[in-house]
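The residues making up each chain are set out below.
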Amino acid sequence: MRDNTADYRQLFLADVPMMDMRAPVEFAKGAFPATVNLPLMTDIERQKVGTCYKQKGQQAAIELGHQLVSGQTKAERIEAWAAFAKANPNGYLYCFRGGLRSQIVQQWLAEAGIDYPRVLGGYKAMRGFLLETTQQAVAQCDFVSVGGMTGTGKTEVLAALDNALDLEGHANHRGSSFGKRATGQPAQIDFENRLAIDLLKKRAAGHRQFVLEDEGRIVGSCTVPLELYQGMQRYPLVWLEDSFANRVERILRDYVTGLCAEFVALHGAEQGFVLFAERLQQSMANILKRLGGERYQRLSAILAEALAEQQRSGAVDLHRAWIEGLLSEYYDPMYAYQRDSKSSRIEFAGDRTAVLEYLRQRTARG
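Residues numbered from 1 in each chain as written. Predicted model: local features only at pLDDT ≥ 70, side-chain atom pairs only at ≥ 80, totals over all residues. Heavy atoms only, no water.

Stated precisely, the cut-off is as follows: UniProt positions are given in the numbering used here, feature names are shortened, and annotations may be inferred rather than shown by experiment.
As recorded in an unreviewed UniProt entry, the protein goes by the name tRNA 2-selenouridine synthase, listed as coming from Aquipseudomonas alcaligenes. Word for word, the UniProt comment on the protein under Sequence similarities (unreviewed entry) is "Belongs to the SelU family." As stated in UniProt under Subunit (unreviewed entry), the record for the protein gives "Monomer."

A short note on the overall build of the protein
What counts is decided by this rule: Segments assigned H or I by DSSP are reported as helices when at least four residues long, segments assigned E as strands when at least two residues long, and all are numbered from the N terminus. For every residue, the accessible area obtained with a 1.4 Å probe (protein chains only) is divided by the maximum for its type, and the residue is called buried under 20%, exposed over 50%, and partly exposed between those limits. Throughout, a residue-residue contact means that at least one pair of heavy atoms, one from each residue, lies within 4.5 Å. Residues scored as positive are Lys and Arg, those scored as negative are Asp and Glu, and His as well as the terminal groups of each chain are ignored. Here the site of a charge means atom NZ of a Lys, CZ of an Arg, CG of an Asp or CD of a Glu.
What the protein contains, in helices and strands, is 17 helices and 10 strands. Taking the principal axes of the C-alpha coordinates as reference, the protein spans close to 70 × 55 × 40 Å. Counting over 366 residues, the protein shows a buried share of 46%. Residue pairs at least 24 apart in sequence account for 72% of intrachain contacts in the protein once pairs closer than 6 positions are excluded. Computed over 44 positive and 43 negative side-chain charges, the separation of the two mean positions in the protein equals 5 Å.

Focus: the sheet that holds strand β4 (residues 142-148)
Stated precisely, the cut-off is as follows: We call two strands paired when DSSP finds no fewer than two bridges between them.
Spatially, five strands are ordered β5-β6-β4-β9-β10 in an open sheet, and the strand pairing comes out parallel. Each edge of the open sheet carries a strand with a single partner, namely β5 (164-165) and β10 (346-350).

Focus on the packing of helix α13 (residues 269-286) against helix α15 (residues 293-313)
Relative placement of two packed helices is described by the angle separating their axes and the distance separating the axes. What counts, and what does not: Angular values range over 0 to 180 degrees, each being the angle between N-to-C directions of two axes fitted as lines to C-alpha atoms, with helices fitted over their stretch in contact. Oblique is the label for any angle not covered by the other classes, which are roughly parallel (under 35 degrees), roughly antiparallel (over 145) and roughly perpendicular (65 to 115). Polar here means any residue outside two lists: the nonpolar Ala, Val, Leu, Ile, Met, Phe, Trp, Tyr, Cys and Pro, and the charged Asp, Glu, Lys and Arg; Gly therefore counts as polar.
One way to put it is that α13 packs onto α15 with a least axis distance of 10 Å and a crossing angle of 170°. On the basis of their axis angle, the class for α13 and α15 is roughly antiparallel. Only Tyr296, Leu299, Ser300, Leu303, Ala304, Leu307, Gln310 and Gln311 of α15 make contact with α13, whose side of the interface consists of Phe273, Phe276, Ala277, Leu280, Gln281, Met284 and Ala285. A class-by-class count of the residues in the contact of α13 with α15 yields 11 nonpolar, four polar and no charged.

Overview of the UniProt feature "active site" (unreviewed entry) in the protein
This chain's UniProt record puts "active site" (unreviewed entry) on Cys95. If you trace the backbone, Cys95 turns up in the loop between β3 (92-94) and α6 (100-111). If we skip the residues at most four places from it in the chain, Cys95 touches Met21, Arg22, Arg101, Ser102, Gly122 and Tyr123.

With respect to α13
Cut-off, in case you're wondering: Every helix has an expected span of 1.5 Å times one less than the residues it contains. What the arc covers is the set of directions going from the helix axis to the C-beta atoms.
Given a rise of 1.5 Å per residue, 18 residues ought to cover 26 Å, and the 26 Å separating the end C-alpha atoms of α13 matches this to within 8%. Restricting attention to buried positions, one finds in α13 the residues Gly272, Phe273, Phe276, Ala277, Arg279, Leu280, Ser283 and Met284. Each buried residue of α13 sits inside an arc of 155° when the element is viewed along its axis, so together they form one side.

Digging into the environment of Arg234
Relative to the elements of secondary structure, Arg234 occurs in the loop between α11 (226-232) and β9 (237-240). In this structure the C-alpha to C-alpha distance between Arg234 and Lys342, which are 108 residues apart in sequence, comes to 9.2 Å.

Re unusual backbone geometry
With phi around 50°, Asp15 is a residue other than glycine that occupies positive phi space. Within the fold, Asp15 resides in the loop between α1 (8-13) and β1 (18-20). In the Ramachandran plot, Ala34 falls in the positive-phi region, its phi being about 65° despite a non-glycine side chain. Mapped onto the fold, Ala34 is located in the loop between α2 (24-29) and β2 (35-37). Ala34 sits in the partly exposed class, given a relative accessible area of 36%.

Comments concerning the sheet that holds β2
Taking strand neighbours across the sheet as the criterion, the three strands line up as β2-β1-β3 in an open arrangement whose pairing is parallel. What marks the edges here is a single partner per strand, and that holds for β2 and β3. Strand-to-strand twist in this sheet, taken as the mean axis angle between neighbours without regard to direction, amounts to 25°. Judged from the three bridges that link them, β1 and β3 form a sheet pairing that is parallel. Its bridge partner being in β3, Asp20 is matched across the sheet by Tyr94.

Topic: the pattern of salt bridges
Let me state the cut-off plainly: By definition, a salt bridge exists where a carboxyl oxygen of Asp or Glu is found within 4 Å of a side-chain nitrogen of Lys or Arg.
Under the criterion given, the structure shown has 23 salt bridges. The structure contains a network of salt bridges with shared partners spanning Glu156, Asp242, Arg250, Arg253 and Asp254.

If you want it as structure tokens, here you go:
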């Protein structure tokens, strides 16, 4: 039998498959990539055992747990664990602290003829390791932020670099008021775990300097780890520039054509378009107070007309008008103010080609 492990670093570097024995409600709050939730107990069963533990102590709680998970229920769960173990012979199992639940599952699997190792310390220890990974990276590595007006293609620059940290990618959100994707965002803990694993893998590959987008503290519903966000207030800044026309086309592609395609792929042509249209209109409504009543009414009317034409003919040309209005009247003045406030940190400015060349040279020097 393979030994139980506490080598969390290797588990995450190798994307080792793991089965999580915690209850679904625990798993939903936060988990790791490459994990599958195959709980020992359902949420209701866990709640009953917890209540029993408080009222009657550990032994009574263990006995109740065995009563609740017995007979056919127990056989079906062992079958699911065994299937995972056979499909993932290099994997591990874990529970919250690496204690009773994972030991029981390990024992029941052994009785079924399958020796399968567990992660010592469980979820809590692995989560602690990842939090420490991010803290160490912030303390030990160099960072540079990429800023720029809305639509300059900052995400595209990050995608072209081996040492980039794509916070928006990990958060599944484009960062702006219009940034929600057709698919939902991860739980906060999942976002933090993905970021930490990304840092771990890139550091293992030899990177000690990282490039990230100049973000606010919140990316949709995900919050950037405090130590990283505090660092972003002082990191040197590279400012990405592009023409107004190019920015309009990029926003049209990402936030109209691309977003519509995401919704259609998920929900079908008819329902997908309805949900896409509602999302765009809601995004505009979300900044009503900041736009002011007159400007909101004008731009939302243009948006409604553009959506109607898109639904009727598939043409997206009319969308350019509200995009141009939002950029020139709302986003650009806001970003210009931000650039002025950060001007002392800007060490380079240029178009995509120049910025990429500069960042690659900077990394080579670092």
